[in-house]
Amino acid sequence: MRYHIWTEGCQMNEADSEKLAAGLAKLGWEEAAKADQADLAVVNTCVVRQKAEDRAAGYLGLLRKLKQSRDGGLQIAVMGCMVGPRTDDLRSRFPYVDVWARPQSYEVVLRAVMPDSELGGEFWPDTFPEPKGPTAFVPVVHGCNKFCTYCIVPYRRGRERSRTIDDVAREVASHCARGVREVTLLGQTVEAYGKDLPARSLDTSAPRGADYSGRTAEEAGRKPDLASLFEAIHQTPGLARIRFLTSYPRDMTERIVRSVAELPKVCEHFNIPLQAGDNDVLAQMRRGYTIEEYVEWVHKIREIVPDAALSTDVIVGFCGETDAQFERTLAVLEQLRFDKVHVAAYSPRPGTIAWRHMEDTVPREEKMRRLHAVEALQERIAREINERLVGTVHEVLVEGDKEGVLTGRNRGNKLVHLRSEQGARSGGQRPAIGDLVDVRVTKATAWSLQGEALAAAAV
Ligand code: SF4
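The model shown is predicted, which means the values in this text are computed figures rather than measured ones.

Caption draft 1: Representation of the sheet that holds strand β11 (residues 309-316). Pairing in this open sheet of three strands is parallel, and the strands run β10-β11-β12 from one edge to the other. Strands at the two margins of the open sheet, each flanked by one partner only, are β10 (269-271) and β12 (340-345). Within this sheet the neighbouring strands show an average axis-to-axis angle of 10°, counted without direction. The strands that helix α14 (residues 364-387) touches are β11 and β12; relative to β12, the one it contacts most, it runs at about 175°.

Written as structure tokens, this is what we have:
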């Protein structure tokens, strides 16, 4: 039997699809490159933006035709954030879908296609996704407690639930044993990691490979946090880099930021959504911080981790956002000079607080004007930042090799292109996927760097 999984949305959804694939593989299923070669098509959905929801609906339309052409010989499952606690509306909109599964409800899908399977005991604890290259996403805290007014995530993914350090460490070890060099620890607000876990004792909770040397009993007696997790997985054999996504200002602590500076494998990159540069808009969004607090965190990070690369997310045209308020967002972006900005035009999401209680006042054309203004500003800032990197040397993990061009990312998560003839000059060997190489930047655009490999990086 063969399955095909189509995934929309964030890294968490990608990680969920890989976990489902691992469960199916354990039951003997094989992956099909396309839905028309599969017995089971899974659509892992995202509804954070209207466009993502539209794409899933469009893909489901194609699957309906495929199912009809095969006289029903295709099972269709829909998983992810499109699926809430009630599915009546979805069932009437998409009557040809066989299985509805909420985010991470892998078992609902598996039980529907193989009702007699034994999924208890060690089935899930020992089911780790098959790595697709030298990098892997590892969810460490699921759900979100923040309830920003525009966001559907807490309603779909539930409250924050952290995995234990041991559980995460086992998954990281499994990935690295199969060639992964870099893991990205994922959470909707990743610094919330551990808040719901019990405090650990000095001796009993250290996972395999953990190194808590030098820690006081008081430190060891606290709840584990993201810094504890960094320490616990740091010595995993084969692991070269640790990343983490997505940051949330109110959950940040100085201890976590210091651990980024002190632990050599933790990459100096923070993605901290700003969302808006005006305090009233932030309050309307219920983001839980003021712009002054946000700016203070950025300064603190840059003071503790001087080489830190920073990226952010911005929503333009939120309910009631005036032109003057939007201008303040531009001013903050100009002031803080992020390496990268992900910008989106606000679209009301059914079920959210904003959808229920606020008016979507900003016309579509105005939202697009603001969106393009952010893009234009950020293009200039990113080009200026990147052009200053020409001539500097960066550690790059090679992740792809396409038509003679190697691609990878530096520690700050910037995309780097390497021409294939630019092999490691000292060793004379062309870098391969999974290699860490030192690269001198020869050219820069707003979006990427180009460089030449000098030598394998020391890890
Ligand atoms: Fe959504 Fe806010 Fe939670 Fe992020 S922090 S997932 S925007 S509710």
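Caption draft 2: Looking closely at the packing of aromatic side chains. With the rule as written, the count across this model stands at 13 aromatic pairs. Aromatic side chains Phe244 and Phe270 sit 5.3 Å apart centroid to centroid with 85° between the ring planes, which places their arrangement in the edge-to-face category. Highlighted residues: Phe244 in strand β9 (residues 241-245) and Phe270 in strand β10, separated in sequence by 26 residues. A relative accessible area of 2% places Phe244 in the buried class. Taken together through their ring pairs, the aromatic side chains of Tyr248, Tyr289, Tyr294 and Phe338 make up a single cluster.

Caption draft 3: Quick peek at unusual backbone geometry. Of note, the bond from Leu245 into Thr246 is cis; its omega dihedral lies within 30 degrees of zero at -15°. Tracing the backbone shows Thr246 in the loop between β9 and α9 (254-262). At Gln275, a position not held by glycine, the phi torsion is positive, near 70°. On the secondary structure map, Gln275 appears in the loop between β10 and α10 (279-285). Even without being a glycine, Asn413 presents a positive backbone phi close to 70°. Mapped onto the secondary structure, Asn413 falls in the loop between β14 (405-409) and β15 (415-419).

Caption draft 4: Molecular detail of the confidence of the model for the protein chain. With 92% of its residues at a pLDDT of 70 or more, the protein chain has an overall mean of 91. pLDDT under 50 marks residues 202-214. Its contacts with residues more than four places away, or in other chains, come to 24 contacts. Scored below 50 in pLDDT, residues 422-426 shows 19 contacts in the model against residues more than four places distant or in partner chains.

Caption draft 5: Representation of the site of the ligand in the model. The local shell around the ligand consists of Cys144, Lys146, Phe147, Cys148, Tyr150, Cys151, Val153, Pro154, Gln188, Thr189 and Arg287. Here the residues of the shell around the ligand sort into seven nonpolar, two polar and two charged.

Caption draft 6: A look at the sheet that holds strand β1 (residues 2-7). What the five strands build is an open sheet, ordered β2-β1-β3-β4-β5; its pairing is parallel. Each of the sheet's edge strands pairs with one partner strand only, and the pair in question is β2 (30-31) and β5 (99-101). Here strand β4 (residues 75-80) pairs with β5 via three bridges, running parallel. Looking across to β5, one finds that Ala77 is bridged to Val99.

Quick notes on the rules
Residues numbered from 1 in each chain as written. Predicted model: local features only at pLDDT ≥ 70, side-chain atom pairs only at ≥ 80, totals over all residues. Heavy atoms only, no water. Pairing = 2+ DSSP bridges. Helix = DSSP H or I, 4+ residues; strand = E, 2+ residues; numbered from the N terminus. Axes fitted to C-alpha atoms, helices over the stretch in contact; angles between N-to-C directions. Contact = heavy atoms within 4.5 Å. Phe/Tyr/Trp six-rings, centres within 6.5 Å; stacked < 30°, edge-to-face > 60°. Buried < 20%, exposed > 50% of the residue type's maximum accessible area, 1.4 Å probe, protein only. pLDDT = per-residue confidence, 0-100. Near = heavy atom within 4 Å. Nonpolar A, V, L, I, M, F, W, Y, C, P; charged D, E, K, R; others polar.

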